Amino acid sequence: MAKKTPEINSSSTADIAFLLLCYFLMTTTMGDQSGLQRRLPPIPDAKQAQDQKVNRRNIVIVRINSADKLFAGNEAMDIAYLKDKMKEFLANPNNDPNLPEKEEKEIEGKTYMVSKGVISLQNDRGTSYQAYLAVQNELVKAVNELRDEFSMREYGMKFARLSEAQQDIVKKAVPQNISEAEPKDTGKK
Amino acid sequence: MSKFGGSRNNKSVPGISSGSLSDIVFMLLFFFMVTTQMRETENKVIVKLPVASEAAKLERKDLSANINIGSPTRQYQAMYGTDARIQLNDSFKTIDDIRDFIASERDAMSEADRSLMTVNLRVDEDVRMGIVSDVKQELRRCSALKIMYASRKPGGDK
């Protein structure tokens, strides 16, 4: 006759699990990695450098000096107005000859008017990172709002709700042309 | 009153079974194991990320290399001062070490993922742009062109 096996006392598994839980709570971090993603320009070759002439009307220079003062296209500006100014620059709604030209581009079978505008962001060595990122953020916001407007016109939906293929089309039709210029060696540290 | 267990009042209350407690705790454990990541390095610089409302989430966290820039924490200030320093992995480094750092990070990845590597710049908001520009130039020279300026969403406390 088989003996009855005694039940294993399971009340301590909770303790073991708590111990493990505490270990993981201490050694891990919550993933909170978010930020502004950017592509740096590659180091230009000597040959290439000459082709990169951009028409004057297609470029706007946004400068932050070492006192964190902002200049957009040679005029001093408050950061609150930067986004609207940049939107006007990129969209050029009235086809102003001083604002960037547009070219017809065929994307996935349809032609769109794509702006050739480039925003060039310059900073001093003494600019604070906070001010720099605030300006970067405004520029990205300007592009994102233009993309939203474009999506509303074309698809009747906001950019975030489009399918991936549609998002790709919008990204090509409203490119994010923000160039980070070579740093100027003015001002120390 | 008597309808709801009035007749049972004279019985002793049955003990609560704690057998499922371990299941609950295990569930919590698995939740934390899945949502968190191992803390690889100890922070030796103070990094308070700046606020950016347009911040987007990094898609592939495993493909990022972190560069921390900020002033050293208090225990290292006696040795390194309060000037902004670069921290790679676990120690203070200079601009010249970035090349090796990027190379070693690349080596650790599989061949297909190398082009997708994002350099995550975690820079304190009070740092001057000079050191950041230097790092960016060095990254361009290493052709690690995908970068991310780490930032936090407004409203969050960290």
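Residues numbered from 1 in each chain as written. Chains lettered and ligands numbered in written order. Predicted model: local features only at pLDDT ≥ 70, side-chain atom pairs only at ≥ 80, totals over all residues.

Description of the overall build of chain B
Then, number 1: Along chain B, the regular secondary structure elements total four helices and eight strands.
Then, number 2: Sequence-ordered secondary structure for chain B, helices as α and strands as β, is α-β-β-β-β-α-β-β-α-β-α-β.
Then, number 3: Split into buried and exposed, the 158 residues of chain B put 27% on the buried side.
Then, number 4: For chain B, the proportion of contacts with a sequence separation of at least 24, taken over those separated by at least 6, is 76%. (Helix = DSSP H or I, 4+ residues; strand = E, 2+ residues; numbered from the N terminus. Buried ≥ 20, exposed ≤ 12 C-beta atoms within 10 Å, placed from the backbone. Contact = placed C-beta atoms within 7 Å.)

Let's talk about the pairing of strand β7 (residues 118-123) of chain B
All names here are of chain B.
Then, number 1: Within β7, six of the six residues are buried, which leaves the element mostly enclosed by the surrounding structure.
Then, number 2: Sheet analysis places strand β4 (residues 64-72) next to β7, joined by six bridges and oriented parallel. Each bridged residue has a counterpart across the sheet, and for Asn-66 the counterpart in β7 is Asn-120.
Then, number 3: As judged from the three bridges shared by β7 and strand β8 (residues 146-150), these two strands associate in the parallel manner. What sits directly across from Asn-120, in β8, is Met-148. (Pairing = 2+ DSSP bridges.)

Here's the deal with the environment of B:Asn120
Then, number 1: Along the polypeptide, B:Asn120 turns up in strand β7.
Then, number 2: Since 21 C-beta atoms lie within 10 Å of it, B:Asn120 is described here as buried.
Then, number 3: Separated by 53 residues in sequence, B:Asn120 and B:Ile67 have C-alpha atoms that sit 6.2 Å apart.
Then, number 4: Not counting chain neighbours up to four residues away, the residues in contact with B:Asn120 comprise A:Gln33, B:Ser64, B:Ala65, B:Asn66, B:Met148 and B:Ala150.

What about the packing of helix α1 (residues 13-27) of chain A against helix α1 (residues 21-35) of chain B?
Then, number 1: The contact between α1(A) and α1(B) brings their axes to 9 Å, and the two run at 15°. Between α1(A) and α1(B), the interaxial angle falls into the category roughly parallel. In terms of crossing hand, the pair formed by α1(A) and α1(B) is left-handed. For the pair formed by α1(A) and α1(B), the contact residues are A:Thr13, A:Ala14, A:Ala17, A:Phe18, A:Leu20, A:Leu21, A:Phe24 and A:Leu25 on the first element and B:Leu21, B:Ser22, B:Val25, B:Phe26, B:Leu28, B:Leu29, B:Phe32 and B:Met33 on the second.
Then, number 2: Considering only residue class, the contact of α1(A) with α1(B) consists of 14 nonpolar, two polar and no charged. (Axes fitted to C-alpha atoms, helices over the stretch in contact; angles between N-to-C directions. Parallel < 35°, antiparallel > 145°, perpendicular 65-115°, else oblique. Left-handed = near helix turned anticlockwise from the far one by under 90°. Nonpolar A, V, L, I, M, F, W, Y, C, P; charged D, E, K, R; others polar.)

Notes on the sheet that holds strand β9 (residues 178-180) of chain A
Residues and elements named next belong to chain A.
Then, number 1: On the basis of which strands lie adjacent, the open sheet formed by five strands has the order β5-β4-β3-β8-β9 and mixed pairing. Two strands close off the open sheet at either side, each with one partner strand: β5 (75-76) and β9.
Then, number 2: Sheet topology note: the strand β3 (residues 59-64)/strand β4 (residues 70-72) ladder contains three bridges and is antiparallel. When the bridges of β4 are listed, Val-62 appears paired with Ala-72.
Then, number 3: Against the sheet, helix α2 (residues 79-91) engages β3, β4 and β8 (118-123), with an angle of about 20° to β4.
Then, number 4: Along the sheet, helix α3 (residues 129-155) makes contact with β3, β4, β8 and β9, crossing β3 at roughly 150°.

Comments concerning the packing of α2(A) against α3(A)
Residue and element names in this part refer to chain A.
Then, number 1: Put simply, α2 and α3 touch, their axes get as near as 9 Å, and they point 40° apart. Here α2 is positioned oblique relative to α3, judged by the angle of their axes. Relative to α3, α2 is oriented so that their crossing is right-handed. Contacts between α2 and α3 involve Ile-79, Leu-82, Lys-83, Met-86, Lys-87, Leu-90 and Ala-91 from the first element and Ala-134, Val-135, Glu-138, Leu-139, Lys-141, Ala-142, Glu-145 and Leu-146 from the second.
Then, number 2: A per-class count over the contact of α2 with α3 returns 10 nonpolar, no polar and five charged.

Comments concerning the interface of chain B and chain A
Then, number 1: The interface of chain B with chain A comprises 49 residues on the first partner and 42 residues on the second.
Then, number 2: Counting residues per element, the ones that place at least two in the side of chain B that touches chain A are α1, β1 (36-38), β3 (56-57), β7, α4 (129-141) and β8 of chain B.
Then, number 3: Per-element accounting of the side of chain B that touches chain A gives the leading share, nine residues, to α1(B).
Then, number 4: Per-class residue counts for the side of chain B that touches chain A are 23 nonpolar, 13 polar and 13 charged.
Then, number 5: As defined by bridge partners, strand β2 (residues 34-39) of chain A adjoins β8(B) across five bridges and the pair is classed as antiparallel. Bridge pairing links A:Arg38 to B:Ile147 in β8(B).

Observations concerning the confidence of the model for chain B
Interpreting fine coordinate detail is not advised for predicted regions of low pLDDT.
Then, number 1: Residues of chain B with pLDDT of at least 70 account for 89%, and the chain-wide mean is 80.
Then, number 2: The ipTM assigned to the predicted complex is 0.70, against a pTM of 0.73. (pLDDT = per-residue confidence, 0-100.)

Some thoughts on unusual backbone geometry
Then, number 1: Notably, A:Asp68 is not glycine yet its phi reads approximately 60°, a positive angle.
Then, number 2: Mapped onto the elements of the fold, A:Asp68 is located in the loop between β3 and β4.
Then, number 3: Positive phi, normally seen in glycine, also occurs at B:Ser143, with a value near 50°.
Then, number 4: Secondary-structure assignment places B:Ser143 in the loop between α4 and β8.

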